[in-house]
Amino acid sequence: MRIGILTGGGDVPGLNAAIKAVVVRAAEQGHEVLGLRRGWAGLLYADPNHPASLTGFTQPMDTNWVRTIDRSGGTILHSSRTHPGKVKADDVPDFLTAPEGAEPPYDFTPHALEVLEALGIDVLIPIGGDDTLSYGLRLHQEGVPVIAIPKTMDNDVHGTDYCIGFSTAVTRGVQFINNLRTSTGSHERIAVVELFGRYSGETSLITAYLAGVDRAVISEVPVDIDRLAAFLVDDRAANPSNYAMVTISEGAVIEGGEMSLRGEEDAYGHRKLGGIGEQLGSMLKAVTGINIINQTVGYLMRSGSPDSLDLMVANNYAVMATDLAIEGQSGRMVALKGGTYTNVPISMIGEGVKRVDVGEMYSPEMYRPLIRHVGGKPMFLY
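This write-up is about the structure you can find in this document. (Residues numbered from 1 in each chain as written. Predicted model: local features only at pLDDT ≥ 70, side-chain atom pairs only at ≥ 80, totals over all residues. Heavy atoms only, no water.)

**Description of the pattern of salt bridges**
Now for step 1: In this structure the tally under the stated criterion is eight salt bridges.
Now for step 2: Put simply, Asp-323 and Arg-25 hold a salt bridge, and the shortest N to O gap is 2.9 Å. Residue Asp-323 is located in helix α10 (residues 308–326), and its partner Arg-25 is located in helix α1 (residues 15–28); the two are separated by 298 residues in the primary sequence.
Now for step 3: One salt bridge in this structure joins Lys-377 and Glu-360, with 3.4 Å as the shortest N-O distance. With Lys-377 in the segment after β15 (368–369) and Glu-360 in helix α11 (residues 358–361), the pair connects residues that are 17 residues apart, well separated along the chain. (Salt bridge = Lys/Arg side-chain N within 4 Å of Asp/Glu carboxyl O. Helix = DSSP H or I, 4+ residues; strand = E, 2+ residues; numbered from the N terminus.)

Structure follows, in structure tokens:
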């Protein structure tokens, strides 16, 4: 059997560990693994009629080649946010022509299927978030055997309690926040820390909860500046070091305002988020008169080596996905449910939107985590 593997979307710590575990498990059972480079872009830009093109977008992988890759973060196969089913006119490869009578974005899924056939892929293991895996679902519907592995530092893939990358991202956030306390306290300021998290506030919420931050603004609850400012002034006064801290999700909004977006939509309909922290800081300074430290953690949350939890999950997800592939299963996504490793239909990716349960985990009146019940919840409460 030839197993294809790719990584798509944003990188997270643990991807290389998952890639290595797939290769090692497959080799133990006498199968081979072919890496597809640059995510779904490898299927769009590879020309099945030119062997050199196929070689340029693939990477044969054996146990010796992956021997040390799990020691670092990122993805050795590289990544992209390409969607072969939604290709803008400017992104069409030179050797392809737009489907007759079609309007952009164009659907080049038939071409992607030709590439998979030319490569002799028997089963495909995509590792990604809900966007990347949504195209994996499309290929499954087209008859391609697919076993999906969920990863995203936002932890927002529907159908699983946990995605590779989340623990390390939260760990990084907690570390940076605690480091920032020294400067914030030295200058007696209010620190506004903007965290990745797109449309889910879980990263901001859990990081603030674990770091003991004064207030947390999440994507699910618009924030009233005057009320938040009053809380932070009181928090600062109550702190012996005379400072306060607030985290904010990159997808959060000020009451009466809009998300801070920039740039054009990508193939999945998303524009870049970021800048809401600076906006909030400026408004807090205007209301309180207190100097602000604005800190955007950004890509540092998803950089570097994985922590032990992400190593554990990445390895186990990869082993489970490889076993499912070898057993002839298809259309499944490996998952953690109720603390137990399992697998679910890949169709669950499109069955809902995973967001913070405000009623159970957050006080919208106080702008801070409020974990009302812990018993019966998954490890990360969400």
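Additional details are given in the paragraphs that follow.
**Observations regarding the sheet that holds strand β6 (residues 190–195)**
Now for step 1: Read across the open sheet, the four strands follow the order β7-β8-β6-β11; overall the sheet is parallel. A strand with exactly one partner marks an edge of an open sheet, and here the two such strands are β7 (215–217) and β11 (292–296). Each strand of the sheet is rotated relative to its neighbour by a mean of 20°, with strand direction disregarded.
Now for step 2: Of the strands in this sheet, β6, β8 (244–249) and β11 touch helix α6 (residues 166–186), which is tilted by about 135° from β8.
Now for step 3: Where helix α9 (residues 276–288) meets the sheet, it contacts β6, β8 and β11, and its direction lies at approximately 160° from that of β6. (Pairing = 2+ DSSP bridges. Axes fitted to C-alpha atoms, helices over the stretch in contact; angles between N-to-C directions. Contact = heavy atoms within 4.5 Å.)

**Regarding the nonpolar core**
Now for step 1: Judged by nonpolar contacts, the single largest core of 83 residues is most densely connected at Ile-5, Leu-280 and Tyr-317.
Now for step 2: Dropping the residues within four chain positions of it, Tyr-317 is found in contact with Ile-149, Pro-150, Thr-160, Tyr-162, Ile-164, Val-334, Ala-335, Leu-336 and Tyr-341.
Now for step 3: Counting 29 residues, the second largest nonpolar core, distinct from the first, contains Val-146, Ala-148, Cys-163 and Ile-346. (Core = buried A, V, L, I, M, F, W, Y, C linked by side-chain atoms within 4.5 Å. Buried < 20%, exposed > 50% of the residue type's maximum accessible area, 1.4 Å probe, protein only.)

**Details of helix α5 (residues 130–141)**
Now for step 1: Taking 1.5 Å per residue, 12 residues should reach 16 Å; α5 reaches 16 Å between its end C-alpha atoms and fits that length.
Now for step 2: The set of residues buried in α5 consists of Asp-131, Thr-132, Leu-133, Tyr-135, Gly-136, Leu-137 and Leu-139.
Now for step 3: For α5, the secondary structure elements touched by its buried residues are β1 (2–7), α2 (41–45), α4 (109–119), β4 (123–128), β5 (147–150) and β12 (332–337).
Now for step 4: Positioned one or two residues after α5, Gly-143 has a phi angle of 105°, which is positive. (Expected span 1.5 Å × (residues − 1).)

In short, geometric facts, not functional conclusions.
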